[in-house]
Amino acid sequence: MMPTLGPSVHKILITVSIALVWLARPLSSAPQIPSIDWDKQKAEILQHYRALVQIDSSSPPGNETKVTDYLKKVLDAEGIPSKTFALDPNRANLVARLKGNGSKRPLLILAHTDVVPVHREKWPVDPFGAVMKDGYIWGRGTIDDKDKLVAMLTIMLLVKRSGAVLDRDLIFLAEAGEEADPHGVGINFMVDRHFDEIDAEFAVTEGGSARLEDGRVTVVQIGTTEKLPKRARLVATGTAGHGSVPRVDNAVVHLAAAVAKVGTWETPMHLNETTRVYFERLAAMSPPDQAARYRALLDPQRAKDVQRYLAENEPAHYSMLRTSVVPTMLKGGVGMNVIPSEVEATLDIRALPGEDIGEFFNQMGRVINDPAIKIVPIPATRPEAPPSRLDTEMFLTLESVAKRLYPGVTVLPSMATGASDMAQLRARGIQSYGIGPAVTEADRIDYGAHGDVERLSEASLYKFVEFAWTAISAVAIKK
Ligand SMILES: [Zn+2]
């Protein structure tokens with residue numbers, strides 16, 4: 001039956017259409033983002049990027065001060081004030097700040113300046129040559145993390161040149177010691193000793209990615225949270241003795257059984273806001289059988305059924321659903337005819353944000369169910385922090401800019417199974433988001449971060465800088 005519209009319904013419709021007209025009006029409050037001629041900008045981006053890759057800052061030893069010296073020179077030439085902070089004079093951090101009108105809290109953009117070491121014999125080109133070949137720039141750090149470093153540097157230069165009024169301070173941090181930092185020269189030094197220099201409402205840094213398929217960006221992942229290393233040792237004790245006489249309290253036998261139990265333990269599954277949205281959106285873009293599995297995860301009745309499949313076929317997704325327990329080292333024994341009285345295993349445990357780790361160890365103890373085994377926690381290297389929210393201005397802007405720049409893209413908030421320097425920032429209350437340039441799946445596997453060889457396509461570099469600039473300037477510049 002078709003109901004006729006009464007007068008009150010008409011009134012609602014009129015009100016709705018007025019509202020639509022209001023929404024469609026030119027937004028006088030929209031930020032006055034200066035438009036950039038990206039074709040003209042390319043040469044400068046490439047010049048700084050190649051110069052940064054050409055500085056060997058592999059850590060250890062790092063030598064990040066060579067990088068901050070370079071950055072300082074570039075910033076000085078533009079009249080952008082910067083300061084360096086160094087616990088170790090060879091491993092300086094640099095902070096530059098463009099002042100805003102103070103109406104909002106600052107935005108921190110950061111990248112690390114060190115890179116992982118290289119095995120030179122694996123490289124077809126000089127790893128610190130920033131060689132340009134086949135449309136790529138090749139070199140250690142091209143993906144991790146000098147792409148983000150040049151993006152953040154370029155944003156500072158462009159904001160300064162534009163003369164735009166900022167609603168909030170824009171802070172640039174080039175940090176040392178992300179890859180290897182036994183002495184705490186990087187993020188820990190900055191957070192513990194100079195937090196006022198980098199305190200902000202939002203941070204944007206590495207920790208995200210984008211997928212390039214047939215020349216089109218299909219997925220943008222924005223890092224919003226990460227698992228927390230909470231490692232432990234399993235220590236088994238028994239009676240020492242002669243290898244010719246079997247003993248029921250043989251520590252090796254008890255340890256082996258315990259390792260097998262925890263290594264195959266299907267720990268409880270939990271979703272948080274990030275992983276729930278991640279699997280919902282992943283289901284929406286996946287082929288039917290895959291989509292059905294991701295949807296099953298959202299249904300407590302069916303979630304159990306797909307765990308085995310994920311464990312065998314999509315281990316990273318399996319890990320994203322739970323606090324994971326992975327045996328990584330075994331230690332024990334002094335001779336082939338000696339029963340040792342103590343042997344141990346190391347477990348790389350990665351906890352979900354918010355996991356009650358004491359209770360988790362109790363549960364693990366019940367799974368092992370052996371008084372000969374002691375669980376000994378290893379002190380955590382990162383602080384605990386809640387996930388960054390998906391409803392902040394920063395996240396929503398990154399999301400909308402991704403959709404605008406890459407039509408048809410799916411934006412996924414993501415939880416890293418590994419750990420990053422965002423942990424320290426989130427623990428201090430900064431809503432922190434990870435971004436990254438678009439790469440093909442093949443490039444991600446063969447030429448990705450920490451791989452034998454690293455490279456980034458020139459086109460992806462420029463598009464990434466444009467993406468970062470568009471989102472960051474929109475959040476910083478006066479509305
Ligand atoms: Zn990195």
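Note: the structure precedes this text.
Asker: Explain the overall build of the chain residue by residue, including any values.
Answerer: A tally of regular secondary structure across the chain gives 16 helices and 20 strands. If one aligns the C-alpha atoms of the chain with their principal axes, the spans along those axes are about 85 × 75 × 45 Å. When the 479 residues of the chain are sorted by exposure, 51% land in the buried category. Taking as baseline every contact in the chain between residues at least 6 positions apart, the subset at least 24 positions apart corresponds to 79%. When the accessible surface of the chain is totalled, it reaches about 22200 Å², and 56% of it is carbon and sulfur. Considering the chain, the positive charge centre built from 55 side chains and the negative charge centre built from 59 side chains are found 3 Å apart.

Asker: Give me the lowdown on the coordination of the zinc ion, citing residues and values where you can.
Answerer: Ligation of the zinc ion by protein atoms is provided by H112 (NE2), D144 (OD), E206 (OE) and E206 (OE), these donors lying 1.8 to 2.8 Å from the ion. Taken together, the four donor atoms coordinating the zinc ion span angles of 51 to 153 degrees at the metal, a pattern that classifies the geometry as irregular. Spacing between the donor residues of the zinc ion along the chain follows H-x31-D-x61-E. In this pair, H112 sits in strand 3 (residues 107-112) while E206 sits in the loop between strand 7 (202-205) and strand 8 (209-213), placing the two residues 94 residues apart along the sequence. Both residues of the pair, H112 and E206, belong to the buried class.

Asker: Please provide a residue-by-residue account of the sheet that holds strand 4 (residues 131-133), values included.
Answerer: The strand order 4-5-20 describes an open sheet built from three strands, whose pairing is antiparallel. Looking at which strands have only one partner, the edges of the open sheet turn out to be strand 4 and strand 20 (455-457). On average, each strand axis in the sheet is inclined to that of its neighbour by 25 degrees, with strand direction left out of account. For strand 5 (residues 136-138) and strand 20, the ladder comprises three bridges, and the chain directions are antiparallel. Bridge pairing in strand 20 links Y136 to S457. In this fold helix 16 (residues 458-476) packs onto strand 4, strand 5 and strand 20, with an angle of close to 75 degrees to the strand it touches most, strand 20.

Asker: Quick one: what's the story with the packing of aromatic side chains, residue by residue and with numbers?
Answerer: In this structure the tally under the stated criterion is eight aromatic pairs. An angle of 45 degrees between the planes, with centres 5.8 Å apart, marks the rings of F279 and Y294 as tilted. With F279 in helix 8 (residues 273-285) and Y294 in helix 9 (residues 288-297), this pair connects stretches of sequence that are 15 residues apart. Here F279 matches Y294 in class, with each residue buried. Ring pairs connect the aromatic residues Y136, W138 and Y447, which therefore count as one cluster. Above the ring of Y318, the side-chain terminus of R322 is found at 4.0 Å from the ring centroid. The side chain of R455 reaches across the aromatic face of Y447, ending 3.8 Å from its centre.

Asker: Summarise the packing of helix 2 (residues 38-53) against helix 4 (residues 146-162); cite the residues concerned and give the values.
Answerer: Where helix 2 contacts helix 4, the two axes come as close as 10 Å, and the packing angle between them is 130 degrees. Considering their axes alone, helix 2 and helix 4 lie oblique with respect to each other. When you trace helix 2 past helix 4, the crossing you get is right-handed. For the pair helix 2 and helix 4, contact is made by W38, Q41, E44, I45, H48, Y49, L52 and V53 and by K146, D147, L149, V150, L153, T154, L157, L158 and R161, respectively.

Asker: Requested: an account of the pattern of salt bridges, with residues and values cited.
Answerer: Enumeration over the complete set of coordinates arrives at 36 salt bridges. K42 is the partner of D39 in a salt bridge, and the nearest nitrogen-oxygen pair spans 3.1 Å. With D39 and K42 both in helix 2 and three residues apart, the pair spans about one turn of that helix. Note on D39: relative accessible area 58%, which makes it exposed. The class of K42 is partly exposed, set by a relative accessible area of 31%. Salt-bridge contacts for E226 lead to R426; the nearest nitrogen and oxygen are separated by 3.9 Å. Of this pair, E226 sits in strand 9 (residues 216-226) while R426 sits in helix 14 (residues 422-427), and the two are 200 residues apart along the sequence. Both residues of the pair, E226 and R426, belong to the buried class. Salt bridges sharing common partners tie together K104, R168, E201, E393 and K479.

Asker: So what's going on with the side chain of K148? Which residues, and what values?
Answerer: Relative to the assigned elements, K148 resides in helix 4. Not counting residues up to four positions away in its chain, the partners in contact with K148 are A111, I143, T205, E206, I435, P437 and F464.

What counts and how
Residues numbered from 1 in each chain as written. Predicted model: local features only at pLDDT ≥ 70, side-chain atom pairs only at ≥ 80, totals over all residues. Heavy atoms only, no water. Helix = DSSP H or I, 4+ residues; strand = E, 2+ residues; numbered from the N terminus. Buried < 20%, exposed > 50% of the residue type's maximum accessible area, 1.4 Å probe, protein only. Contact = heavy atoms within 4.5 Å. Areas by Shrake-Rupley, 256 points an atom, 1.4 Å probe, with all protein chains shown as cover. Lys, Arg positive; Asp, Glu negative; His and termini not counted. Charge placed at Lys NZ, Arg CZ, Asp CG, Glu CD. Donors = N, O, S within 2.8 Å, 3.2 Å for Na, K, Ca; no water. Tetrahedral: all angles 85-135°; square planar, octahedral: opposite > 155°, others 65-115°. Pairing = 2+ DSSP bridges. Axes fitted to C-alpha atoms, helices over the stretch in contact; angles between N-to-C directions. Phe/Tyr/Trp six-rings, centres within 6.5 Å; stacked < 30°, edge-to-face > 60°. Lys NZ or Arg CZ within 6 Å of the ring centre and 35° of its normal. Parallel < 35°, antiparallel > 145°, perpendicular 65-115°, else oblique. Left-handed = near helix turned anticlockwise from the far one by under 90°. Salt bridge = Lys/Arg side-chain N within 4 Å of Asp/Glu carboxyl O.

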